[in-house]
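Observations on the three-dimensional arrangement
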Amino acid sequence: MSLPVQAWSGFAAGMCPHVLALDTEFMWRTTYRPKPALVQIGTPHQVWLFDPVDTSNPHYEAHVAALGTVVADPACLKLIYAAHDDIMVLHQMTGQAPV
């Protein structure tokens, strides 16, 4: 089964279904903190990808804010495998930790 993948611009805060899969990719070799490289969000019907490296995007702040809103939404169950580092990266990016 393959799901449609959309750019992050198609993602909207407040659209969280009951279950959401979250994953981050990051570099952490010669830095004190991990450097976010990719955020992936999946629902039963859609997948979104966010490139946190491209801070020159004029919508970057709005995209991070939308991510923070969903991350902090207690009504949305988040599925995160090996979550420790993902939670750290999400908190570093958005100021929010998954609840």
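As shown above, the structure is provided for reference.
In what follows, the accompanying structure is described. (Residues numbered from 1 in each chain as written. Predicted model: local features only at pLDDT ≥ 70, side-chain atom pairs only at ≥ 80, totals over all residues. Heavy atoms only, no water.)

1. A word on the side chain of Thr94
If you trace the backbone, Thr94 turns up in helix α2 (residues 83-94). Overall, the relative accessible area of 18% leaves Thr94 in the buried class. A polar side-chain atom of Thr94 sits 2.7 Å from the main-chain carbonyl oxygen of Leu90. Of note is the side chain of Thr94, whose polar atom sits 3.0 Å from the backbone nitrogen of Gln96. Apart from the residues lying within four places of it in its own chain, the contact partners of Thr94 are Val64, Leu67 and Gly68. (Helix = DSSP H or I, 4+ residues; strand = E, 2+ residues; numbered from the N terminus. Buried < 20%, exposed > 50% of the residue type's maximum accessible area, 1.4 Å probe, protein only. Polar contact = N/O pair within 3.5 Å; in protein donor to acceptor, adjacent residues only side chain to side chain. Contact = heavy atoms within 4.5 Å.)

2. What to know about the packing of aromatic side chains
What characterises a pair of aromatic rings is the spacing of the ring centres plus the angle enclosed by the ring planes. Applying the stated rule across the entire model yields 2 aromatic pairs. An angle of 65 degrees between the planes, with centres 6.3 Å apart, marks the rings of Phe26 and Trp28 as edge-to-face. Looking at Phe26, the relative accessible area reads 25%, which means it is partly exposed. Taking 5.9 Å as the distance between ring centres and 35 degrees as the angle between the ring planes, the aromatic pair formed by Phe50 and Tyr60 counts as tilted. Here Phe50, found in strand β4 (residues 47-50), pairs with Tyr60, found in helix α1 (residues 60-71); they are 10 residues apart in sequence, far enough to count as distant. Here the two residues Phe50 and Tyr60 agree in accessibility, since each one is buried. (Phe/Tyr/Trp six-rings, centres within 6.5 Å; stacked < 30°, edge-to-face > 60°.)

3. Focus: the packing of α1 against α2
Interhelical geometry of α1 versus α2 gives an angle of 130 degrees and a closest axis separation of 9 Å. Classified by the angle between their axes, α1 and α2 sit oblique to one another. Judged by the twist between their axes, the crossing of α1 over α2 is left-handed. Contacts between α1 and α2 pair Val64, Leu67, Gly68 and Val71 from the former with Leu90, Met93 and Thr94 from the latter. Taken together, the residues that form the contact of α1 with α2 break down as 5 nonpolar, 2 polar and no charged. (Axes fitted to C-alpha atoms, helices over the stretch in contact; angles between N-to-C directions. Parallel < 35°, antiparallel > 145°, perpendicular 65-115°, else oblique. Left-handed = near helix turned anticlockwise from the far one by under 90°. Nonpolar A, V, L, I, M, F, W, Y, C, P; charged D, E, K, R; others polar.)

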